[in-house]
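# Summary of structural features
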Amino acid sequence: MRILLVEDELDLLKAVKRFLDDEHYAVDVASDGEEGLTKALMWNYDLVVLDLMLPKIDGLTVLKEIRRRKRTPILILTARDTLQDRVAGLDIGADDYLVKPFELDELSARIRALIRRSVGVASPNVEIGETVIDLSAKQVRKAGVPVALTAMEYSLVEYLALRRGKLVSRSDLYDHLFDEHDDSLSNLLDVHVSNVRRKLGKELITTRRGQGYLIDD
């Protein structure tokens, strides 16, 4: 999953990005509202984490502009904790609101919930035959036994599982699994798919030649 983090406090920006990297997310960052809005409109992110008090363009304006064009889930992250601020953000189109200071584990849980909600998945577990994807623990089990996947292998399985029954193009996968600085070649997707099939069974992921991949419903 690919996340845009828009935050002007550089120490916090680095800390949250490092945490989300460790959580297997592909994370792009922006340190002002102008850069954040440009990136939010340029890419199809799975989630935007947005501060309100930003230089150049304030967070509420960024939120309004994103909402005019996209339905990307947006989590407001800010020190502005008055009722008026919360109501304004939610009324403009934010999906959730987290006040600073906050615990990283709570941020992670809210991100997971928003991403699940955006694709219509209520349960934290996705079951596909003997395979269970635990979205909270970010772990995959087969027949009750944990299966060791790399971060990219897990991200691939999670993305396809959340879109179960839908064909996902190679370009869509590439855009959602790699951040803006990753220069990996897209044909590495074939390698990751092959490794997942070896570990979880070749029937899990179906290839539609020239179109993309899917996990059948």
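We now turn to the structure provided with this report. As the structure is a prediction and not an experimental result, all values here were calculated from the model. (Residues numbered from 1 in each chain as written. Predicted model: local features only at pLDDT ≥ 70, side-chain atom pairs only at ≥ 80, totals over all residues. Heavy atoms only, no water.)

Counting residues in hydrophobic clusters, the biggest one holds 47 residues, and the most contacted among them are Ile 111, Ile 133, Leu 173 and Ile 205. Counting residues per element, this core draws most heavily on helix H6 (residues 151-162), which supplies eight residues. Not counting residues up to four positions away in its chain, the partners in contact with Ile 111 are Ile 3, Leu 20, Tyr 25, Leu 47, Val 49 and Leu 75. Leu 60, Val 62, Ile 74 and Ile 76 belong to the second largest nonpolar core, which has 18 residues in total. (Core = buried A, V, L, I, M, F, W, Y, C linked by side-chain atoms within 4.5 Å. Buried < 20%, exposed > 50% of the residue type's maximum accessible area, 1.4 Å probe, protein only. Helix = DSSP H or I, 4+ residues; strand = E, 2+ residues; numbered from the N terminus. Contact = heavy atoms within 4.5 Å.)

The next subject is the packing of helix H1 (residues 10-22) against helix H5 (residues 104-118). It is at 11 Å that the axes of H1 and H5 come closest, and there the two elements cross at 55°. By the criterion of interaxial angle, the relationship of H1 to H5 is oblique. Taken as a pair, H1 and H5 cross one another with a handedness that is right-handed. Together, Val 16, Phe 19 and Leu 20 of H1 and Leu 104, Asp 105, Leu 107, Ser 108 and Ile 111 of H5 make up the contact between the two elements. A class-by-class count of the residues in the contact of H1 with H5 yields six nonpolar, one polar and one charged. (Axes fitted to C-alpha atoms, helices over the stretch in contact; angles between N-to-C directions. Parallel < 35°, antiparallel > 145°, perpendicular 65-115°, else oblique. Left-handed = near helix turned anticlockwise from the far one by under 90°. Nonpolar A, V, L, I, M, F, W, Y, C, P; charged D, E, K, R; others polar.)

It is worth spelling out the sheet that holds strand E4 (residues 74-78) at this point. Spatially, E2-E1-E3-E4-E5 is the arrangement adopted by the five strands of the open sheet, whose pairing is parallel. Edge positions in the open sheet fall to strand E2 (26-30) and strand E5 (96-99), since each of these has one partner strand only. The mean angle between the axes of side-by-side strands here comes to 20°, regardless of whether they run parallel or antiparallel. Sheet topology note: the strand E1 (residues 2-6)/strand E3 (residues 47-50) ladder contains four bridges and is parallel. The residue bridging Val 6 from the neighbouring strand is Leu 50, located in E3. Packing against the sheet, helix H3 (residues 59-69) makes contact with E3 and E4, and its axis sits at approximately 175° to E4. (Pairing = 2+ DSSP bridges.)

A complete count under the given rule lists 20 salt bridges for this structure. Linking Arg 67 and Asp 95 is a salt bridge whose minimum nitrogen-to-oxygen distance equals 2.9 Å. Here Arg 67 is found in helix H3, whereas its partner Asp 95 is found in the loop between helix H4 (83-92) and E5, with 28 residues between them in sequence. Owing to a relative accessible area of 22%, Arg 67 belongs among the partly exposed residues under this scheme. Residue class for Asp 95 comes out partly exposed when judged on its relative accessible area of 34%. In this structure, a network of salt bridges that share partners links the residues Glu 7, Glu 9, Asp 51 and Lys 100. (Salt bridge = Lys/Arg side-chain N within 4 Å of Asp/Glu carboxyl O.)

So, about the packing of aromatic side chains. To describe a pair of aromatic rings, one takes the distance between the centres and the angle between the planes. Counted under the stated rule, the structure contains one aromatic pair. One cation-aromatic arrangement involves Arg 163 over Tyr 159; the distance from NZ or CZ to the ring centre is 3.7 Å. (Phe/Tyr/Trp six-rings, centres within 6.5 Å; stacked < 30°, edge-to-face > 60°. Lys NZ or Arg CZ within 6 Å of the ring centre and 35° of its normal.)

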